[in-house]
Amino acid sequence: MRFSEIIGQTAIKRSLVSTVKENRVSHAQLFLGPEGSGSLALAVAYAQYINCENRQSDDSCGKCASCRKYNKLIHPDLHFSYPFFAKHKEDTAATYAEEWRKAFLENPYLGLDYWRGQFEAENKQANINIAEAHHIIKKLSLKAFESEYKVLILWLPEYLDSQGNALLKLIEEPPEKTLFLLVSESQDRILNTIISRTQLVKINRLTDGEVCEYLMERRQLGKHQAEEIAFISGGSIQQAINLLGEDTKDHFDLMIRWLRYCVTDAGHSLVKICEDELSKLGRESQKSFLLYTLNMMRQVVLLKENMTQLVHLPSAELDFVQRFSKHYRMEQIDAAIRLFEEAYYHIERNANPKILFLDVSLQLVLIYKYQTFRQLADSTYSDHYGM
C-alpha cells in the first residue's frame, strides 16, 4: 500500500513522510479516524514507507523487495492484530491471517461489519482476547528478520478491553526499532493507559468530492450516481461501498414526494407511499434513503445558519434545500433530524418498516403542518415498532 493509492488525506500523508525524513518516528502512534476515512490504509502505507529500501521524496518505491512483500501483506516484520470472532479460547489473530489479508487487499477501507462478513460469525462479539495479547508480546520479542523496523498494526484497539493492560509495558518500553501503530475509530473506548502511551495522529472524514472521485475512478460509476452515493456516505468509503449494491438513483424524487405529502397532510397519498414504496425497499435501501433525507435536512440547517460555503449540492438538490429552508423554522428542522436518526436506529434493529414509516410520516405531519412536537420514550418507541 503506497500513499498514492489512498484517496485524499494529503496533509496527513505529508506529515507522516516528514516524520521519517526528520528521524522523529514515534514508537507508538494512534491513528484516530472514523470508519472509511482511510486510517488503516494510511498506517500500512506509513509502515511500508519506513521500511522501503528505496524511498522516494513523498512515497515508498513500490518495487523493492520490502515493498513487494508489503503489497501482499506477507513481510515477516509486519504484524497485524485485530478483533476476531474466536471459536476457541486459544485462537489468535494469526488463526485468521489469510482471511485478513484477503479482506484488506480487497477493501483497505474496511469496517468491522465488512470484516464480520468474511465469516459465519452470526451474533458472536468481536474481541481481542488475552491469548492474542500474549501472542503479540511473544512475536515482538523476536529480532527483526529483514527490515530496520518491526511493525505491529493493531486495528480497533477499543476491542482489547482489560486485556490491553498486558501490553502496557511493551508499548511503553518496546524492543529497539519496534513500531506500534494503533488504528482506532473511537478514542473514548480505548483504555486511557494505552492512549497516554501513544502519539495521536488525527484523521478526518473524507470530503464528498473525494468519495465521489473514488467511486468514479475505481468503481466506474457515472458522475450523478457517484455524487448521490458520496452525499449519503458521509465521508466514508466503506459506507459508499455498502451503498453500491443498492438502488439510490431515485432517492431524491422519493424524498420530494414523501415530504410533500407530509407537509400538506395528504392522508391517502401518505399511506400509499409508505405501504407501496418506502416499506418495500430493501432494508439497506431503507437505511440509505433515511441517511440521504437526514443529510438533506442537515444541508437545510447549514443554509439557515448562513453557512452557504459548506453546502455543495447539484442544482436540483440545492434548489430544494433553498426553498425548504425558507419555509420552516429551525425548531421544526431539528425535530425532523432527531426523528430520522431514531428511525435509522430502529431500521438497523429490524423494526417493522410499514409501521415505522407510517408513524414517522404522521410525526412529520405534526412537525411541519401543525408545528406540534411529540416526545416518545425509547422503550415505548421500540415496542411501538414491533421490535
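Above: the structure in question.
Report on the accompanying structure.

What counts and what doesn't
Residues numbered from 1 in each chain as written. Predicted model: local features only at pLDDT ≥ 70, side-chain atom pairs only at ≥ 80, totals over all residues. Heavy atoms only, no water. Helix = DSSP H or I, 4+ residues; strand = E, 2+ residues; numbered from the N terminus. Buried < 20%, exposed > 50% of the residue type's maximum accessible area, 1.4 Å probe, protein only. Contact = heavy atoms within 4.5 Å. Areas by Shrake-Rupley, 256 points an atom, 1.4 Å probe, with all protein chains shown as cover. Lys, Arg positive; Asp, Glu negative; His and termini not counted. Charge placed at Lys NZ, Arg CZ, Asp CG, Glu CD. Polar contact = N/O pair within 3.5 Å; in protein donor to acceptor, adjacent residues only side chain to side chain. Salt bridge = Lys/Arg side-chain N within 4 Å of Asp/Glu carboxyl O. 1 Å grid on protein atoms, 1.4 Å probe; cavity = no way out; pocket = protein on both sides within 12 Å on 5 of 7 lines; lining within 4 Å. Points joined across faces, edges and corners; volume = space filled by probe spheres on them. Nonpolar A, V, L, I, M, F, W, Y, C, P; charged D, E, K, R; others polar.

**Some points on the overall build of the protein**
Counting its regular elements, the protein contains 18 helices and five strands. Taking the principal axes of the C-alpha coordinates as reference, the protein spans close to 75 × 45 × 35 Å. The buried share of the protein, reckoned over its 387 residues, is 51%. Look at the contacts in the protein between residues 6 or more apart in sequence, and 72% of them connect residues 24 or more apart. Taken as a whole, the protein presents about 18,400 Å² of accessible surface, with 48% of it coming from carbon and sulfur. Taken together, the 46 basic and 51 acidic charged side chains of the protein have centroids lying 3 Å from each other.

**Section: the side chain of Gln 48**
When you line up the elements, Gln 48 lands in helix 2 (residues 39-51). Residue Gln 48 is classed as buried on the basis of its relative accessible area, which comes to 0%. Within polar-contact distance, the side chain of Gln 48 engages the side chain of Ser 60 at 3.2 Å. Excluding residues that lie within four positions of it along the chain, Gln 48 makes contacts with Met 1, Arg 2, Ser 60, Gly 62, Cys 67, Tyr 70 and Asn 71.

**Focus on the pattern of salt bridges**
Taken as a whole and assessed by the stated rule, the structure comprises 17 salt bridges. Put simply, Glu 173 and Lys 169 hold a salt bridge, and the shortest N to O gap is 3.5 Å. Each member of the pair Glu 173 and Lys 169 is classed as exposed. Here Arg 298 makes a salt bridge to Glu 341, at a shortest N to O gap of 2.9 Å. Of this pair, Arg 298 sits in helix 14 (residues 283-304) while Glu 341 sits in helix 16 (residues 330-348); the two residues are 43 residues apart in sequence, bridging distant segments of the chain. Accessibility expressed as a relative area gives 35% for Arg 298, which makes it partly exposed.

**Some remarks on the layout of surface pockets**
Space inside the largest pocket adds up to approximately 650 Å³. Lining the largest pocket are 24 residues, with Glu 35, Ser 236, Gln 239, Tyr 344 and Glu 348 positioned closest to its centre. Looking at the lining of the largest pocket, the elements with two or more residues in it are helix 5 (112-116), helix 10 (223-233), helix 11 (237-244), helix 14 and helix 16. Looking at side-chain class alone, the lining of the largest pocket contains eight nonpolar, six polar and ten charged residues. Counted as a void, the second largest pocket has a volume near 280 Å³. As for the second largest pocket, its lining consists of Asp 208, Phe 231, Gly 234, Gly 235, Asn 295, Arg 298, Gln 299, Leu 302, Leu 310 and His 312. Of the residues that constitute the lining of the second largest pocket, the class distribution is three nonpolar, five polar and two charged.

**Re the environment of Ala 166**
Locating Ala 166 in the fold gives a position in the loop between strand 3 (150-155) and helix 7 (168-172). Judged by its relative accessible area of 31%, Ala 166 falls in the partly exposed class. Residues Ala 166 and Gln 125, spaced 41 residues apart in sequence, show a C-alpha to C-alpha distance of 21 Å. Beyond its immediate stretch of four places on either side in the chain, Ala 166 contacts Ile 130, Ala 133 and Ile 137.

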